[in-house]
Amino acid sequence: MVDGNNTESTSVDASRSVPSTRRGWLQATVAGAIGTVFGTTGLLGSQSAASAARSTGAQSSEGSCQSVRLGVETLVRERTAFLDGDRLGLITNPSGTDSELRSTIDLLYEHESFDLRKLFSPEHGIRGNAEAGEEVGDTVDEKTGLPVTSLYGDNRKLQPEMIDDIDTVLFDIQDVGARFYTYIYTLAYAMETIGGTDKRIVVLDRPNPIAPLEPTGSRIDEENASFIGDYRLPIVHGMTVGELAQYFNNEFEMGADLEVVPMRGWRRNSWHDQTGLPWVPPSPNMPTLETATIYPGMVYFEATTLSEGRGTTKPFEFIGAPWIDAQEWASSLNELNLPGVRFRPIWFTPTFDDHEGDTAAGVQIHVRDRNTVQPVRVGLAMLISAFLSYPESDWLTWGDTYAIDSRANGSQLRKTIEDADPDTDPLALADRIRSEWSDDLDEFRRIRRQYLLYGGPRR
């Protein structure tokens, strides 16, 4: 889910129409041509020492900021003729801006070379005024007067009739690098539809803000696929939206006429605050880069009766419940000596969502060294610790479905924790669970390598 989509948002998955060619397991070989990538020469550009790198936690010596040119800036500055004469639709949200914080909507609408006709809204709305899981309706954009068609309401998939009067659909949204974010599935579903038409889709690429984190987590399979996890992705995938688009299109035989307008100057070992770009929250509960860094492991708590900090100023950094002993839990978690993090006992009162209006006790996760932190390992250890130490903790269900199963790729994680002895070492159990992902992750790394567009470590 985007910044933790609610499980209700996965209920439409069973009824959506998806081509059978894309529902199986990944193939190890390339099944078709990758979409054209513009400007692949000179992609890396030159790094600028314009300012010292800002940091997440104690990161005082990570180097200088780069000067990164976004895909939308490459399009507007260098590729105006590329879309000349095309009637355009745009899938975007408030995170779709250039480096000067000008909206992609406004840039294209006001530019004489582009004929922007229609907007398409993902979760949270075209201007970001809807909370997680809240349906978004069709409307009209107040500033431009353009019609806005919802892709997060009764229908979450672009339909052919929505683009009858459109030649090209553009996608420009900031992802956070974790498989739970719904924006990447809005993109994938649009590609599936476009693959059956004579239209094309153009992805304006953006940084993966947590790209230095190593790909990790259970890979989602067909049985557990939903709008918060699909296409055999692990929890942390380490790809940009442009790279993901190529992966989706080729590995799942979507057949979309896909083109990626790349960034210039971005490297895979860059945290977002090393790019020289401003942080625009891609969704209401993703306020900072530090939130995004720890988010991949804290999503597990959305599927429990503990609060994951929604309704506070620190979503995904505050975890707790009324029955937790804050001092005791913080102490026991710190004793695990998890690299890169420390835990502080806290008390908080959510203004909405779980435990709204009640005082919850728990911990704040402080990222002290983001270059050593393993957020999914942290989240697993915390989850196991909470359930073994505080039996009041429970799983959320929707009907006969456990919310955790859609996040953890099935029931195995839940059953393993339920069957564990109360004296079990949480970190040892977490590492045993993680060891079972090894072969699947090796396969993913091998497959994704062919879709990577940018320099830097390719783990």
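Just so it is clear, the structure is predicted and the values come from calculations on it, not from any experiment. (Residues numbered from 1 in each chain as written. Predicted model: local features only at pLDDT ≥ 70, side-chain atom pairs only at ≥ 80, totals over all residues. Heavy atoms only, no water.)

Our next topic: the environment of Gly137. Along the polypeptide, Gly137 turns up in the loop between strand E3 (115–121) and strand E4 (139–140). Overall, the relative accessible area of 46% leaves Gly137 in the partly exposed class. Note: C-alpha distance between Gly137 and Leu151 (14 residues apart in sequence) is 8.5 Å. (Helix = DSSP H or I, 4+ residues; strand = E, 2+ residues; numbered from the N terminus. Buried < 20%, exposed > 50% of the residue type's maximum accessible area, 1.4 Å probe, protein only.)

Positive phi outside glycine occurs at Asp353, with the angle close to 70°. Mapped onto the elements of the fold, Asp353 is located in the loop between strand E10 (341–348) and strand E11 (360–367). For Asp353, a relative accessible area of 32% translates into the label partly exposed. You will see that His355, though not glycine, has its phi angle at about 60°, which is positive. Within the secondary structure, His355 is located in the loop between E10 and E11. With relative accessibility at 18%, the residue His355 sits in the buried group.

With five of seven residues buried, E3 lies mostly within the body of the structure. With five bridges joining them, strand E2 (residues 87–92) and E3 adopt parallel strand pairing. Bridge pairing in E3 places Ile91 opposite Phe120. The β-α-β motif built from E2, the intervening helix H2 (residues 104–110) and the parallel element E3 has right-handed crossover chirality. Here E3 pairs with strand E5 (residues 147–150) via three bridges, running parallel. Across the sheet, residue Leu119 finds its bridge partner in E5, namely Val148. (Pairing = 2+ DSSP bridges. Right-handed = clockwise from strand over helix to strand, strands pointing away.)

Turning our eyes to something else, we now look at the pairing of strand E6 (residues 168–172). E6 sits mainly inside the fold: five of its five residues count as buried. Taking every second residue as pointing to the same face, both faces of E6 are buried, with Thr168, Leu170 and Asp172 on one and Val169 and Phe171 on the other. Pairing analysis gives five bridges linking E2 to E6, with the strands arranged parallel. Counted as the bridge partner of Leu88 is Thr168 from E6. Where E6 meets strand E7 (residues 200–204), four bridges bridge the pair, whose relative direction is parallel. Each bridged residue has a counterpart across the sheet, and for Thr168 the counterpart in E7 is Arg200. In this view, the connection linking E6 to its parallel neighbour E7 by way of helix H3 (residues 183–194) has right-handed handedness.

Most of helix H1 (residues 71–78) is tucked away: six of the eight residues are buried. Residues Gly71, Val72, Glu73, Thr74, Leu75 and Val76 constitute the buried set of H1. Those residues of H1 that are buried lie in contact with H2, E6, E7 and strand E8 (257–261). (Contact = heavy atoms within 4.5 Å.)

Applying the stated rule across the entire model yields three cavities of 30 Å³ or more. Within this model, the largest cavity holds a volume of roughly 110 Å³. Lining the largest cavity are Leu70, Ser95, Thr97, Asp98, Gln174, Arg206, Pro207, His272, Leu277, Pro278, Trp279 and Val280. Class assignment for the residues of the lining of the largest cavity results in six nonpolar, four polar and two charged. (1 Å grid on protein atoms, 1.4 Å probe; cavity = no way out; pocket = protein on both sides within 12 Å on 5 of 7 lines; lining within 4 Å. Points joined across faces, edges and corners; volume = space filled by probe spheres on them. Nonpolar A, V, L, I, M, F, W, Y, C, P; charged D, E, K, R; others polar.)

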